[in-house]
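# Residue-level structural notes
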Amino acid sequence: MHRLRTTVARLRPIPASRSVQSLSHIRPVAVGGALGTFQPMRHLNAPVAAEPFLNGTSSNYVEEMYFSWLENPRSVHKSWDIFFRNANAGAPPGAAYQSPPPLGGLAQGLAHAKALVGAQPNVEKLVEDHLAVQSLIRAYQVRGHHIAKLDPLDISCVDFDDAPVTVGFQNIRGHHVAQLDPLGIMASDLEPTPSDIITSNDKLDISVYKDRLYDLTAEGFYGLDESDLDQVFRLPTTTFIGGSESALPLREIIRRLEMAYCQHIGVEFMFINDLDQCQWIRQKFERPGVMHFTLEEKRTLLARMVRSTRFEEFLQRKWSSEKRFGLEGCESLIPALKTIIDKSSASGVESVIMGMPHRGRLNVLANVIRKELEQIFCQFDSKLEAADEGSGDVKYHLGTFHHRLNRVTDRNITLSLMANPSHLEAVDPVVQGKTKAEQFYCGDTEGKRVMALLLHGDAAFAGQGIVYETFHLSDLPSYTTHGTIHVVVNNQIGFTTDPRMARSSPYPTDVARVVNAPIFHVNADDPEAVMYVCNVAAEWRNTFHKDVVVDLVCYRRNGHNEMDEPMFTQPLMYKQIKKQKGVLQKYAEKLIAEGAVTRQEYEEEIAKYNKICEEAYARSKDEKILHIKHWLDSPWPGFFTSDGQPKSMNSPSTGLTKEELNHIGNIASSVPMEDFTIHGGLSRILKGRATMVSQRVCDWALGEYMAFGSLLKEGTHVRLSGQDVERGTFSHRHHVLHDQNVDKRICIPMNHISDNQAPYTVCNSSLSEYGVLGFELGFAMASPNALVLWEAQFGDFHNTAQCIIDQFISPGQAKWVRQNGIVLLLPHGMEGMGPEHSSARPERFLQMCNDDPDVFPKLSGEDFAVRQLYDCNWIVVNCSNPANYFHVLRRQILQPFRKPLIIFTPKSLLRHPEAKSSFDEMLPGTHFQRIIPETGVASASPEGVKRVVFCTGKVYYELTRERKNRGMEATVAITRVEQLSPFPFDLVKAETDRYPNADLVWCQEEHKNQGYYDYVKPRIRTTINHARPVWYAGRDPAAAPATGNKQAHLLELQRFLDTAFNLEAFAGQQ
């Protein structure tokens, strides 16, 4: 035939005005085991408008039937056999209704076809009816979730009319077809429609459901009517509702579709591009009998519901006036999570990393992770004294780590619930980073052993941008965790805000569609539906290693917390909630009615768990001290002593032998791969590196290479992540070389240092700071034996990741007794390039340092510097030469504990001819220099020095140049403070004592209300016991970090240099 209009131009819609002409060719086809040859196809012109069933999605069905007929003509209905034979012989579709016409010629064949047009007038309707059935099935698959009874309160205000979704060749619009607002609390201009669901084999009353089906489908039931209900239709391969049957009456087709898509589960998946994945989901929800549960499964589910419900009731009874953010209204979350973990464990998962908000956290800790109940109850005792240093945190922010036996699978599993702040969703990328790290360390390249499980609230999932950032890491090579299961606790409210005011999308989960994640909406008052959906979600993740979302549509029985009054803002909603029977009671009554359990067995299960809680409560009374370390979510076995202390307080030398320096330098200046063509400009850079190695000096990039390469050689994994880090923002790093002739062929010389080295990971990230920094923080959390660095493209970009810095990095150890060695590389410096990309805002980091500016620390001997590092919350440095940068990176791993390290890195110094270091500064016995004192003429005659200028970073080179130009080397000493925090009190005191006749000036290129001055001034004053003032030389206070005018920049620079070297500048000032 004319290929059914060439299968409608390979499924593309064709305008009605256009005629389609087939090309004549012979195609051999195997029919019935013999090779047959069809005659040349006719050249026919027929307007497509006359054959509407060949357009759009209808062509899928026709094509499917046609290829079945080609394989075996008896596999299709006789009418289709006639149709295809006639069409293949040249008759237009409207006339292809009977045995093939004679093939003697075109005119003869058409004449014969026209003579038979009236013989079977219903054949075309039969074809159209089959196509209508296929469209009906597709409509349920695409839009069935619009009608599903997802809301236990039946007050949903989801508006599909304002959310068009393009599927196939038509604009598919959802409609309010269910009775969404029985309370009248949501505005709606829709007529009420039946809320009943087709659930039995009873005769379908089409008149009742006509409006519903009209809205669900398009064009009013696709032309089908009540007379077609008992007609049998062949089912397409795009559905599994038939089970072992290939044809069903229309009435049964509708009933089974209703059962699959319009009960308590709503499935969103037809936007997924992969056809195999769509078929997999169809099979899971359409196959008859898939929702069958064994008696044992039902009894286990009931027991889990008892624990979930009675735990909250116990807490409410004992501590009725305490905030705990209970789970009431979504008690089915606990069996949901346990089902996911059980199914994943059975699939080989050995470790699950979890992140969640505060609602239900204590219940998850008790009944999913199985934290000791007495440890949880202790958190409610306000009289207990904290045993560990630090601030601690509220009970509903704490995490924990637990290795236990999964009783269902009889396999060991590790569960880690990450501690997190009240900043909802901030923990998402942290969980992903820790998951990625655990996968990396155990060689789990496919995510089969370690899995991430994230819980969300509906308002936060839709409202927080970090959710989107985290989703977009999900399939990136260096960030993928091979599928995350997301569970949304959909309260249908955010604190006091209605969904209609909280999001523009119909569902809170619509953000997940951007990564083709299937979304399973489920009524949380149906525990069996919840259990089934969670089984499917876990199986999806194990099969495809892609993200999946479970949307638990529930409610919040109390207010935002137990002390909150929700009736102020949602009076009608909470009147309905007060009438709502608890899910445990409803499910227990269902199982008792079924005979699955007796009432006595149910009451015994309740009494059993009540006893467990009471006994744990009694034990909690014996606790005298509250141990924060009992809630550690990321232990590092073997790194600390048994009581969590460093194994030593010594910091070994961070230097290397000259042989090691030369070896790493040679790797850095070579291409260790055969037949690899690099860019000509890069050849010059590598030659320059080779020259430096031969001269025994290094610039910034080579100093970094020495640090990374030596750690890798020693077996320490190094991971560098951020925007454009492979090349470096300023084209200085070049850690990934690209073959100029072969696409995607790369070389990473750092991975060719030695045979037994640790792997080096350097990866350009997505254009995200919040998500990526959180990810790297999580990666660094997994093990202390890795150097994990995040580099901002420019230092000021860290402010879009401020939440991670403020809530996790700075206070993490104080709140959660959790050390972390993450390194932040923040390019910083006033280069005359304008307000943006100039300042990394050092004042913000210094403001959060925990050392006291008014207390001179007790100098405790040789370990003073190490003790300072151990006591601080993070380390802040601004290195002025490559050797010190090299040392501080190596010190980060060689010191016996872990602290976050903030490094303000240079821009112009990357290529500054004076910003180079000799190999002699990097040899064995050398260390990081907390300050670099004056070593020139002034240091030889300290009594004659009139001024000591303290500074940090790049401004040192401008000061030395200006001093030389003025000939003041003997009268002005310049001291570089390389480590700003913890402040080097001891070394600064030595410098001030060394120059007793000099006044003290702090010089910075930043504005006075920014930079370092407010941090260093009181500390220097404390160091000298307020004996001398500390003057300021720098830019005046300003709102913006820098000027956008180059001339103004140079004028400001010269002005503060004049101040710094004018020995009379501060005469007469107090």
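Residues numbered from 1 in each chain as written. Predicted model: local features only at pLDDT ≥ 70, side-chain atom pairs only at ≥ 80, totals over all residues. Heavy atoms only, no water.

### Digging into the packing of aromatic side chains
Two numbers describe a pair of aromatic rings. These are the distance of the centres and the angle of the planes. Spelled out, the test is: Two rings from Phe, Tyr or Trp (for Trp, the six-membered ring) form a pair when their centres sit within 6.5 Å of each other. Planes less than 30 degrees apart are called stacked, planes more than 60 degrees apart edge-to-face, and all others tilted. Secondary structure is summarised from DSSP: a helix means a run of H or I of at least four residues, a strand means a run of E of at least two, and numbering begins at the N terminus for each. For each residue, the accessible area found with a 1.4 Å probe, counting protein chains only, is set against the maximum for its type, and the residue is called buried under 20%, exposed over 50%, and partly exposed in between. Any Lys NZ or Arg CZ that is within 6 Å of a ring centre and within 35 degrees of that ring's normal is treated as a charge sitting over the ring.
If you walk through the whole model with that rule in mind, you get 35 aromatic pairs. Taken together, a centroid distance of 5.6 Å and an interplanar angle of 70° make the contact between W319 and Y617 edge-to-face. Taken together, the residues span a long stretch of sequence, with W319 in the loop between α10 (295-318) and α11 (333-346) and Y617 in helix α21 (residues 599-620) at a distance of 298 residues. Like Y617, W319 is buried. Ring centres of F845 and F904 lie 5.9 Å apart, and the angle between their planes is 70°; this geometry places the pair in the edge-to-face category. Separated by 59 residues along the polypeptide, F845 in helix α28 (residues 842-847) and F904 in strand β27 (residues 901-905) bring together distant segments of the chain. In this pair, the class of F845 matches that of F904, namely buried. Grouped by ring-pair contacts, the aromatic residues F314, W319, F377, F380 and Y617 constitute a single cluster. Against the face of Y870 rests K899, its NZ or CZ located 5.5 Å from the ring centre. In this arrangement the basic side chain of R976 is found over the ring face of Y956, its NZ or CZ atom lying 3.8 Å from the centre.

### Describing the nonpolar core
To keep things clear, this is the line we draw: Nonpolar cores are built from buried Ala, Val, Leu, Ile, Met, Phe, Trp, Tyr and Cys residues. Side-chain atoms within 4.5 Å join them into one set. Two residues qualify as a contact provided that any one of their heavy atoms is within 4.5 Å of a heavy atom in the partner residue.
If you look at the biggest cluster of nonpolar residues, it comprises 183 residues, and the most contacted ones within it are L333, F377, L453, V487, L552 and L824. Considering each element in turn, this core owes the most residues, ten residues, to helix α18 (residues 527-544). Residues within four places of L333 in sequence aside, it is in contact with L327, V364, L455, V487, V489 and L552. Within the second largest apolar cluster, 56 residues are counted, among which are Y705, L711, F794 and C872.

### Quick word on the pattern of salt bridges
Put simply, the rule reads: Whenever a carboxyl oxygen of Asp or Glu lies within 4 Å of a side-chain nitrogen of Lys or Arg, that contact is scored as a salt bridge.
For the structure on display, the rule yields 45 salt bridges. Salt-bridge contacts for R1019 lead to D851; the nearest nitrogen and oxygen are separated by 3.2 Å. Highlighted residues: R1019 in helix α34 (residues 1013-1023) and D851 in the loop between α28 and α29 (864-871), separated in sequence by 168 residues. Each member of the pair R1019 and D851 is classed as buried. Note that R994 and E991 form a salt bridge whose closest N and O atoms lie 3.5 Å from each other. Of this pair, R994 and E991 both sit in helix α33 (residues 985-994), separated by three residues, roughly a single helical turn. The class of E991 is buried, set by a relative accessible area of 5%. Sharing partners across several salt bridges, the network here consists of E245, E252, R255 and R256.

### Some details on the packing of helix α24 (residues 700-713) against helix α30 (residues 882-894)
Helix-helix packing is described using two parameters, namely the angle between the two axes and the distance between the axes. Note the threshold: Lines fitted to C-alpha atoms define the axes, with helix axes restricted to the stretch in contact, and inter-axis angles between N-to-C directions lie between 0 and 180 degrees. Here the angle decides the label: under 35 degrees means roughly parallel, over 145 means roughly antiparallel, 65 to 115 means roughly perpendicular, and every other value means oblique. Crossing chirality is assigned from the near helix's rotation relative to the far helix, an anticlockwise turn below a right angle marking it left-handed and a clockwise turn marking it right-handed.
Direction vectors running N to C along α24 and α30 enclose 25°, while the axes themselves pass 8 Å from each other. Between α24 and α30, the crossing angle belongs to the class labelled roughly parallel. In the packing of α24 onto α30, the handedness of the crossing is right-handed. Every residue of α30 that contacts α24 at W700, G703, E704, M706, A707, F708, S710 and L711 is listed here: P882, Y885, F886, L889, R890 and I893.

### Things to note about the sheet that holds strand β31 (residues 972-977)
The condition that has to hold: When DSSP locates at least two bridges between a pair of strands, those strands are taken to pair.
Strand order in the open sheet formed by five strands is β29-β31-β30-β33-β34, with mixed pairing between adjacent strands. Bordering the open sheet on either side are β29 (931-932) and β34 (1030-1035), each of which pairs with just one other strand. Along the sheet, α34 contacts β30 (947-951), β33 (999-1007) and β34; its crossing angle with β34, the most-contacted strand, is approximately 165°.

### Considering the packing of helix α25 (residues 770-782) against helix α26 (residues 802-809)
Spelled out, the test is: Under the scheme applied here, ten amino acids are nonpolar (Ala, Val, Leu, Ile, Met, Phe, Trp, Tyr, Cys and Pro), four are charged (Asp, Glu, Lys and Arg), and all others, including Gly, are polar.
Between α25 and α26, whose axes approach to 8 Å, the crossing angle comes to 30°. The orientation of α25 relative to α26 falls into the category roughly parallel. Contacts between α25 and α26 involve Y770, L773, G774 and L777 on the former and, on the latter, C803, I804, I805, F808 and I809. Considering only residue class, the contact of α25 with α26 consists of eight nonpolar, one polar and no charged.

### Examining helix α8 (residues 250-261)
Formally: Take the residue count of a helix, subtract one, and multiply by 1.5 Å to get its expected span.
Over its twelve residues, α8 runs 16 Å from end to end, which matches the ideal 16 Å to within 8%, given 1.5 Å per residue. In terms of burial, α8 is a largely internal element, eleven of the twelve residues being buried. Turning to α8, its buried residues number three or more, namely L250, R251, E252, I253, I254, R255, R256, L257, E258, A260 and Y261.

### Observations concerning the side chain of D699
Short version of the rule: Whenever a nitrogen or oxygen atom comes within 3.5 Å of another N or O atom, the pair is scored as a polar contact, on the condition that within protein one atom can donate a hydrogen and the other can accept it, and that pairs from neighbouring residues in sequence are kept only if both atoms are in side chains.
By the element assignment, D699 lies in the loop between β19 (697-698) and α24. Side-chain polar atoms of D699 contact the backbone nitrogen of A701, separated by 3.4 Å.

### Quick word on the environment of G1044
Structurally, the position occupied by G1044 is in the loop between β34 and α35 (1046-1061). It is 8.8 Å that separates the C-alpha atoms of G1044 and E836, two residues lying 208 residues apart in sequence.

### As for the confidence of the model for the protein
As a reminder, the rule being used: Summary of the metric used: pLDDT quantifies the predictor's per-residue confidence within the range 0 to 100.
On average, residues of the protein score 84 in pLDDT, and 84% of them reach the 70 mark or higher. Taken element by element, the protein is modelled with least confidence in strand β6 (residues 170-172), mean pLDDT 28, and with most confidence in strand β26 (residues 875-877), mean pLDDT 98. Throughout residues 163-203 the model reports pLDDT below 50, and contacts reaching past four residues in sequence, or to other chains, amount to 89 contacts.

### A word on unusual backbone geometry
Across the junction of S981 and P982, the peptide omega takes the value -5°, indicating a cis bond. Despite not being glycine, N516 has its phi angle at roughly 60°, a positive value. The residue N516 is located in the loop between α17 (499-502) and β16 (519-523) in this model. With relative accessibility at 22%, the residue N516 sits in the partly exposed group. Positive phi is not limited to glycine here, since D724 has a value of about 65°. By the secondary structure assignment, D724 is in the loop between β20 (717-722) and β21 (737-738). Judged by its relative accessible area of 34%, D724 is partly exposed.

### Comments concerning the pairing of β27
For β27, a buried count of five out of five residues is recorded, marking the element as mostly surrounded by other parts of the structure. Because side chains alternate across β27, one face comprises the buried residues L901, I903 and T905, and the other comprises I902 and F904, equally buried. When strand β25 (residues 823-827) meets β27, the two strands line up parallel, connected through five bridges. Looking across to β27, one finds that P827 is bridged to T905. As paired elements, β26 and β27 share three bridges and run parallel to each other. Paired with I875 across the two strands is L901, which belongs to β27.

### Remarks on the sheet that holds β26
Sheet strands pair by backbone hydrogen bonding; their relative direction is either parallel or antiparallel. The strand order across the open sheet formed by seven strands is β23-β20-β24-β25-β27-β26-β32, and the pairing between neighbours is mixed. The open sheet is flanked by β23 (760-764) and β32 (979-981), the only strands paired with a single partner. Averaged over neighbouring strand pairs, the angle between their axes works out to 20° when direction is ignored.

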